[in-house]
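Residue-level structure breakdown
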Amino acid sequence: MAVDPQDKIFSFEDLAAKVRDLKAEGKKVVLSHGVFDLIHPGIIQHLNSARSMGDVMIVTVIKDKDVRRGPGRPVFPEVLRLNNVASLAQVDYVCLVDDERPFECVRILNPDVFAKGQAHQERDQEVNRKIFEEERDLFWGEIQIRETDGFSMRSSHILRNFFDLYPEDTKLFLKNFFKRHTFKEIADYLHGMESLRVCLIGDGIIDEYHYCEPMGKAGKANLVVNRFLSHEVFAGGAFAIANHVAGLCKEVHLVTMLGLDNPRAEFIRDNLKPNVTTRFFYRDDGPTITKTRFVHQYLNQKLFEVNYINDTKLPPSLDREVADYLKQQVQGYDLVLLSDFGHGFVSEAIYRALVENSKVLAVNTQTNAANSGYNLITKYAQPHYVCLDEPEVRLAAQDKHGAIDEIALAIKEQIRANHLVVTLGKRGSLGVNGRQQVFRTPIFSTNVVDTIGAGDAYFAYTAPCVAQSMPMDMVTFVGNAVGALAVQIMGNKRSVEKNEVLELIHSLAK
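Quick summary incoming for the structure in this document. Computed from a predicted model, the values in this text were never measured in an experiment.

Considerations on the overall build of the protein chain
Within the protein chain, the regular secondary structure consists of 19 helices and 18 strands. Relative to the 2.2 N^0.38 estimate, which gives 24 Å for 510 residues, the radius of gyration of the protein chain is 25 Å and therefore close to what a compact globule would have. When the backbone C-alpha atoms are referred to their principal axes, the protein chain occupies close to 80 × 60 × 45 Å. When the accessible surface of the protein chain is split by element, carbon and sulfur atoms take 50% of a total near 22,700 Å². Positive and negative side-chain charges in the protein chain, numbering 59 and 66 respectively, have mean positions lying 2 Å apart.

Some thoughts on the packing of helix α15 (residues 390-397) against helix α16 (residues 404-415)
Interaxial distance between α15 and α16 falls to 10 Å at its minimum, and their mutual angle equals 65°. Our pair here, α15 against α16, has a crossing hand that is left-handed. Contact with α15, carried on its side by E390, V393, R394, A396 and A397, involves I404, I407 and I411 of α16 and no other residues of that element.

What about unusual backbone geometry?
With phi around 55°, Q398 is a residue other than glycine that occupies positive phi space. We note that R416 has phi near 55°; this positive angle belongs to a residue other than glycine. Looking at the secondary structure, you find R416 in the loop between α16 and β16 (419-423).

Some words on α16
Counted at 1.5 Å a residue, the expected span for α16 with its 12 residues is 16 Å, and the 16 Å between its end C-alpha atoms agrees. Those residues of α16 that sit buried are I404, I407, A408, I411, K412 and I415. Taken around the axis of α16, the buried residues stretch over an arc of 130°, which confines them to a single face. Seen from the buried face of α16, the exposed residues on the opposite side, beyond 90 degrees, are E406 and E413.

Section: the packing of aromatic side chains
Summed over the entire model, instances satisfying the criterion amount to 12 aromatic pairs. Geometrically, the ring pair formed by F173 and F177 is stacked, given 5.9 Å between the ring centres and 20° between the ring planes. One end of the pair, F173, and the other, F177, are both in helix α9 (residues 168-180), four residues apart, so they sit about a helical turn from each other. Summarising the burial analysis for this pair, F173 and F177 share the class buried. Each ring, one from Y209 and one from F234, has its centre 5.5 Å from the other, and the planes form 55°; the classification is tilted. Here the residue Y209 occupies a position in strand β7 (residues 204-217), and F234 occupies one in strand β8 (residues 224-237), the gap between them amounting to 25 residues. Within the aromatic cluster, the residues linked to one another by ring pairs are F173, F177, F178, F444 and F477. The ring centre of Y333 lies 4.5 Å from the NZ or CZ of R197, which sits over that ring.

Quick look at the environment of V330
As for its position among the elements, V330 is in the loop between α13 (316-329) and β13 (335-340). By relative accessible area, which is 0% here, V330 ends up buried. As for V330 and V360, which are separated by 30 residues in sequence, their C-alpha atoms are 9.9 Å apart. Residues in contact with V330, not counting those within four places in the same chain, are C199, I201, V336, A353, L354, N357 and S358.

A closer look at the layout of surface pockets
If a probe the size of a water molecule is rolled over the atoms, the empty space left behind becomes visible. Taken as a whole, the largest pocket spans an internal volume of roughly 1,000 Å³. Every element with two or more residues in the lining of the largest pocket is listed here: β7, β11 (290-296), β12 (301-308), β15 (385-389), α15, α17 (454-467) and α18 (472-486). Grouping the constituent residues of the lining of the largest pocket by class yields 16 nonpolar, 18 polar and 10 charged.

Looking at helix α19 (residues 498-509)
With 12 residues, α19 ought to run about 16 Å at 1.5 Å a step, and its terminal C-alpha atoms sit 16 Å apart, in line with that. Counting buried positions along α19 gives 11 out of 12 residues, so the element sits mostly inside the fold. Every buried residue belonging to α19 is among K498, N499, E500, V501, L502, E503, L504, I505, H506, S507 and L508, and all of these are buried.

Side note on the pairing of strand β4 (residues 113-116)
What you see with β4 is no split at all: V113 and A115 on one side and F114 and K116 on the other are buried throughout. Strand direction decides the pairing type here: strand β1 (residues 29-34) and β4, joined by two bridges, are parallel. Opposite L31, over in β4, you have F114 as the bridge partner. Here β4 pairs with strand β5 (residues 144-147) via four bridges, running parallel.

A closer look at the sheet that holds β1
If you trace the five strands from one edge of the open sheet to the other, you get β3-β2-β1-β4-β5, paired in parallel fashion. Edge positions in the open sheet fall to β3 (93-97) and β5, since each of these has one partner strand only. The average undirected angle you get between the axes of adjacent strands in this sheet is 25°. Two strands pair when backbone bridges link them, and strand β2 (residues 56-62) and β3 are joined in this way by five bridges, in the parallel orientation. The residue bridging V61 from the neighbouring strand is L96, located in β3. Set on the sheet, helix α3 (residues 41-51) makes contact with β1, β2 and β4; between it and β2 the angle comes to about 140°. Docked against the sheet, helix α4 (residues 78-86) engages β2 and β3, running at close to 165° with respect to β3.

Overview of the side chain of T476
Residue placement: T476 occurs in helix α18. Residue class for T476 comes out buried when judged on its relative accessible area of 0%. With residues up to four places along the chain from it excluded, the contact list for T476 reads V421, S429, L430, G431, T441 and Y458.

Describing the pattern of salt bridges
A complete count under the given rule lists 27 salt bridges for this structure. Linking E232 and K493 is a salt bridge whose minimum nitrogen-to-oxygen distance equals 3.2 Å. Within this pair, whereas E232 is found in strand β8, its partner K493 is found in the loop between α18 and α19, the two being separated by 261 residues in sequence. Taking the relative accessible area as the measure of exposure, E232 reaches 23% and is therefore partly exposed. On the basis of relative accessibility, which here comes to 40%, the residue K493 falls in the partly exposed class. For the salt bridge of R293 with E305, the shortest nitrogen-to-oxygen distance reads 3.3 Å. Pair noted here: R293 is in strand β11 and E305 is in strand β12, with a separation of 12 residues, a long-range link. Residue classification places E305 among the partly exposed residues on the basis of a relative accessible area of 38%. Each of K63, K65, D66 and D98 takes part in a single network of salt bridges with overlapping partners.

Conventions and cut-offs
- Residues numbered from 1 in each chain as written.
- Predicted model: local features only at pLDDT ≥ 70, side-chain atom pairs only at ≥ 80, totals over all residues.
- Heavy atoms only, no water.
- Helix = DSSP H or I, 4+ residues; strand = E, 2+ residues; numbered from the N terminus.
- Rg over C-alpha atoms; globule rule 2.2 N^0.38 Å.
- Areas by Shrake-Rupley, 256 points an atom, 1.4 Å probe, with all protein chains shown as cover.
- Lys, Arg positive; Asp, Glu negative; His and termini not counted.
- Charge placed at Lys NZ, Arg CZ, Asp CG, Glu CD.
- Axes fitted to C-alpha atoms, helices over the stretch in contact; angles between N-to-C directions.
- Left-handed = near helix turned anticlockwise from the far one by under 90°.
- Contact = heavy atoms within 4.5 Å.
- Expected span 1.5 Å × (residues − 1).
- Buried < 20%, exposed > 50% of the residue type's maximum accessible area, 1.4 Å probe, protein only.
- Arc of directions from axis to C-beta.
- Phe/Tyr/Trp six-rings, centres within 6.5 Å; stacked < 30°, edge-to-face > 60°.
- Lys NZ or Arg CZ within 6 Å of the ring centre and 35° of its normal.
- 1 Å grid on protein atoms, 1.4 Å probe; cavity = no way out; pocket = protein on both sides within 12 Å on 5 of 7 lines; lining within 4 Å.
- Points joined across faces, edges and corners; volume = space filled by probe spheres on them.
- Nonpolar A, V, L, I, M, F, W, Y, C, P; charged D, E, K, R; others polar.
- Pairing = 2+ DSSP bridges.
- Salt bridge = Lys/Arg side-chain N within 4 Å of Asp/Glu carboxyl O.

Here is the structure:
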């Protein structure tokens, strides 16, 4: 009698208990882990081979949010992928799993055998160096890692041949780009950034997301009443940028301002990567900047935002203290990043200390609701690299409708920057190098969850690229790849990792 596929589907906790029970009974448990976007002959042969390695076959299917296989992936949502796997006769048990840390679920489930397919074996080590390091961790336990028989037929290859993920102009761009550059060339640049010593100065922000659902209109006021469902808190602003950079460079030093009114220093340290060191300064007339957003959970739409902030200038004595610290500190770093959100931290004295003492200085000035257009890049001069979005560069030029290429060139000349990049939303980005050459790159994103923090991720990755003298067309290409990954992350829930960027670029190269 056939088993109902729904009876094979377990929660992760229940599956972990089931594996323990099966092993206690003397059963040999085999696990296969992956996306399982398309069930093709290669997958069937892999599962047939894996099934022969033990008594019980379990499969863990990666959730949509953690799929890192490039644009348009996964094609099928997690529920369908889960049900498809459960319908296969080779599979005894299946569950959906988080994969923020690759293969963590394998360690927790602790099967007797972890079965790897041929496509998994052939993954370019330049793409997944970090993931291969994670796999080696499995040898610390008693888990056997075995390769299955059969042939390689990767879902990515099938999708590239039968699904049009991009318009013709984007496909033509990719074809021409990879005539000029190879994947290995890009990977070598990104891996070469590990040795960079980076100092980051900027406004740290706590991002709070409160998820809710509407209940109805209030009886005595013209407003919609919402029911609270849940909330998440992320380390955003300069904290998020530090985490992005820390995935590229081994040494990152963060200098920022907290508020004694509600410092939240312990939360911040707990949410920074281990290779990020900190120097916190404290103002006694306000809180650590916190931005609280209320979000319609079902529609994923932001309804309302409250900022807890004191954005007035620092007291003169504190301003001098920060500037004096930076004069001495930044000289020892290969790259200095300035992320100015216009929230009162970065003064003229602080910027002068950075300009006069930095080897390479990269600047991002943000225009947002809290500074209402007062935080313009034109207050700065002589940065090595500037990264802005289109509204920010148009505000700086006071030109609402002019050609963006001409505006970018004019602003670059006005502030005497060596290199400048402008992100253009759905139209991609453009970069201007030291020879006044303009390069345009289309977007690679196909799924947008949240745009908050995407610009910070772009800046965090492209600044080290410029510091390593990467060609400008490659800088904007890498930046757009990072942006495509960042918009799939809610807020600053996690950082964009180098192996994800390489995985996407490798997919685009094919």
